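# Survey of secondary and tertiary structure
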Amino acid sequence: MRYTKEHKQETRQRIIETAGRRLKRDGIDGSGVATLMKDAGLTNGTLYAYFTSKDELVAGAVADQMRAQHANIVAHVAPGRAGLEQLIRWYFSPEQRDSIDDGCPNAALLDEIARAADPTRQAYTDGVLVLVDDFAARLAPHDPSSARLRALGLLGMLAGTLQLSRALTDRQLSDQLLDQGIRNALALLDAEQHNPA
């Protein structure tokens, strides 16, 4: 039975989306082809009808997760500094910390992406640059390029703090770290307002 081009594209997207959630939960190395395909309701061998390898699927899932993070969250906050503050408060919430499957791909996969194949690292880099450029435009609307490295630093602060808060077994300490993360990130924004480079 032959499927339409649209059906094939919808199935490919379903595989990518379900893989993205699984990868964030179990990691790249902890997610085998059988599990990734089962999550999509398909058999192992079906992978190769849509992707040349698991690495290609992982790169697609990472790209999709980064796009979704920007489209569903970052693009919908208020403009300027107010939007960054909204984003920071949302990002450092206990709900975001506890929602690994549907949460930030940066905090869930960063350490594994560093060891992944080049296409996955490039997909991640492309997604990061979209986020960073959005942050930079909010930090310095009249000269975003001047704020690009500061925006990258903000993203690093966000992802690193969230990773650490997820790793702690002491819930109270983790909550305190999230609160401190908000204060640190807002201080960074305020410092940039008073001392633009």
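Structure shown above.
An account of the accompanying structure is given in this report. (Residues numbered from 1 in each chain as written. Predicted model: local features only at pLDDT ≥ 70, side-chain atom pairs only at ≥ 80, totals over all residues. Heavy atoms only, no water.)

### Examining the packing of helix α7 (residues 105-113) against helix α9 (residues 148-167)
Put simply, the test is: As a rule, the C-alpha atoms of each element are fitted with a line to give its axis, helices using only the stretch in contact, and angles between N-to-C directions run from 0 to 180 degrees. Each helix corresponds to a stretch of at least 4 residues labelled H or I by DSSP, and each strand to a stretch of at least 2 residues labelled E; elements are numbered beginning at the N terminus. Here is the rule for angles: anything less than 35 degrees is roughly parallel, anything more than 145 is roughly antiparallel, 65 through 115 is roughly perpendicular, and the remaining ranges are oblique. Contacts: residue pairs with any heavy atoms within 4.5 Å of one another.
It is at 8 Å that the axes of α7 and α9 come closest, and there the two elements cross at 85°. On the basis of the axis angle, α7 is roughly perpendicular to α9. Residues N106, A107, A108, L110 and D111 of α7 pack against L155, A159, L162, Q163 and R166 of α9.

### A short note on helix α4 (residues 54-72)
Let me state the cut-off plainly: Multiplying 1.5 Å by the residue count of a helix minus one yields the expected span of that helix. Categorising residues by exposure relies on relative accessible area from a 1.4 Å probe, with only protein chains included: less than 20% of the type maximum marks a residue as buried, more than 50% marks it as exposed, and the intermediate range marks it as partly exposed. Definition of a polar contact: a pair of N or O atoms within 3.5 Å, with one able to donate and the other able to accept a hydrogen when the atoms are protein atoms, and with sequence-neighbouring residues admitted only if both atoms are side-chain atoms.
Given a rise of 1.5 Å per residue, 19 residues ought to cover 27 Å, and the 26 Å separating the end C-alpha atoms of α4 matches this to within 8%. Taken as a whole, α4 has its buried residues at L57, V58, A59, G60, A61, V62, A63, D64, Q65, M66, Q69 and H70. Where α4 begins, one side-chain oxygen reaches toward the backbone nitrogen of D55, 3.4 Å away; that side chain belongs to S53.

### Side note on the environment of G153
When you line up the elements, G153 lands in helix α9. Separated by 21 residues in sequence, G153 and V132 place their C-alpha atoms 9.0 Å apart.

### Describing the pattern of salt bridges
Going by this rule: Only one rule defines a salt bridge in this text: a Lys or Arg side-chain nitrogen within 4 Å of an Asp or Glu carboxyl oxygen.
Scanning the entire structure with this criterion turns up 14 salt bridges. Measuring nitrogen to oxygen at the nearest pair gives 2.7 Å for the salt bridge that ties R22 to D39. Within this pair, whereas R22 is found in helix α1 (residues 5-26), its partner D39 is found in helix α2 (residues 33-39), the two being separated by 17 residues in sequence. Classification of D39 by relative accessible area gives partly exposed; the value is 30%. Here D118 ties to R121 by a salt bridge, and the two come within 3.6 Å at their closest N and O atoms. Of this pair, D118 and R121 are both found in helix α8 (residues 118-139), three residues apart, which corresponds to roughly one turn of the helix. Through salt bridges with shared partners, a single network forms among R22, R25, D26, D39 and D101.

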